[in-house]
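A look at the structure
Chain by chain, the residues:
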Amino acid sequence: MKYGLPDTLYSRGYKLIQSTLGPTPNRRSALLVERREKSRNFKDFNLISAQIEDWAESRGLIFETLNTGTSNIEEIRSCFRRAKYIFAIHGGANYNVIWSQPDVTLIEFIPSRATDSVLPLALGFGLRYLPFALNHDKGDKEFEISSTDLDSIFNTLQLN
């Protein structure tokens, strides 16, 4: 919160970016943002990926993964633009929601110790935001997200 800007600055910036982008893509996606960094990586990426893919397909969504560390700006913009749901561990890649549609839901896995989030940015853009706290420190190499955690998230998303 220390570095948060006023909501009006976020909102105006988002609207300006949105005015330069094309129409909403026909097929929407559930996007899983992959990290391959020194910290905050998914402990069992394949398990998480498979469970989100099954959930996405049951809702008629494309399932995509994206490693922003190895992708170019066009790939990043396209993936975030198609996304209806974005699943991501807290990190700088989440600022790419600037390219997302206004109806996107960002599910951000945040550490419960030494925590940060993109809450002010997402809410300033008017996006739907679901933080999911994990019993980790932001310096931990891996974050463990269980099948039960994902089921809880899916149930919450059904309520909205």
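See the structure printed just above.
Residues numbered from 1 in each chain as written. Predicted model: local features only at pLDDT ≥ 70, side-chain atom pairs only at ≥ 80, totals over all residues. Heavy atoms only, no water.

1. A closer look at the sheet that holds strand β3 (residues 62-67)
- Read across the sheet, five strands follow the order β3-β1-β4-β5-β6 without closing on themselves; strand pairing throughout is parallel. Every other strand in the sheet has two partners, leaving β3 and β6 (128-137) as the edge strands with one partner each. The sheet shows a mean angle of 20° between the axes of neighbouring strands, direction not considered.
- Across five bridges, the pairing between strand β1 (residues 29-34) and strand β4 (residues 83-89) is parallel. (Pairing = 2+ DSSP bridges. Helix = DSSP H or I, 4+ residues; strand = E, 2+ residues; numbered from the N terminus. Axes fitted to C-alpha atoms, helices over the stretch in contact; angles between N-to-C directions.)

2. Details of the environment of E142
- Looking at where E142 falls in the secondary structure, it is placed in strand β7 (residues 142-143).
- For E142, a relative accessible area of 36% gives the class partly exposed.
- Linking E142 and T68, residues 74 residues apart in sequence, is a C-alpha distance of 17 Å.
- If sequence neighbours within four positions are ignored, E142 has contacts with N41, F42, K43 and H136. (Buried < 20%, exposed > 50% of the residue type's maximum accessible area, 1.4 Å probe, protein only. Contact = heavy atoms within 4.5 Å.)

3. A few points about the pairing of β6
- Where strand β5 (residues 105-113) meets β6, eight bridges bridge the pair, whose relative direction is parallel. In the sheet register, I107 faces β6, and the bridge partner there is L130.
- Remark: the β5/helix α4 (residues 119-125)/β6 crossover connection has right-handed handedness. (Right-handed = clockwise from strand over helix to strand, strands pointing away.)

4. Things to note about the pattern of salt bridges
- A full pass over the atoms with the stated rule returns six salt bridges.
- The partner of R28 in a salt bridge is D103, and the shortest N-O contact between them spans 2.9 Å. Of the two residues, R28 sits in the loop between α1 (7-20) and β1 while D103 sits in the loop between β4 and β5, which places them 75 residues apart along the sequence.
- Between R82 and E64 there is a salt bridge, and its shortest N-O distance comes to 2.7 Å. (Salt bridge = Lys/Arg side-chain N within 4 Å of Asp/Glu carboxyl O.)

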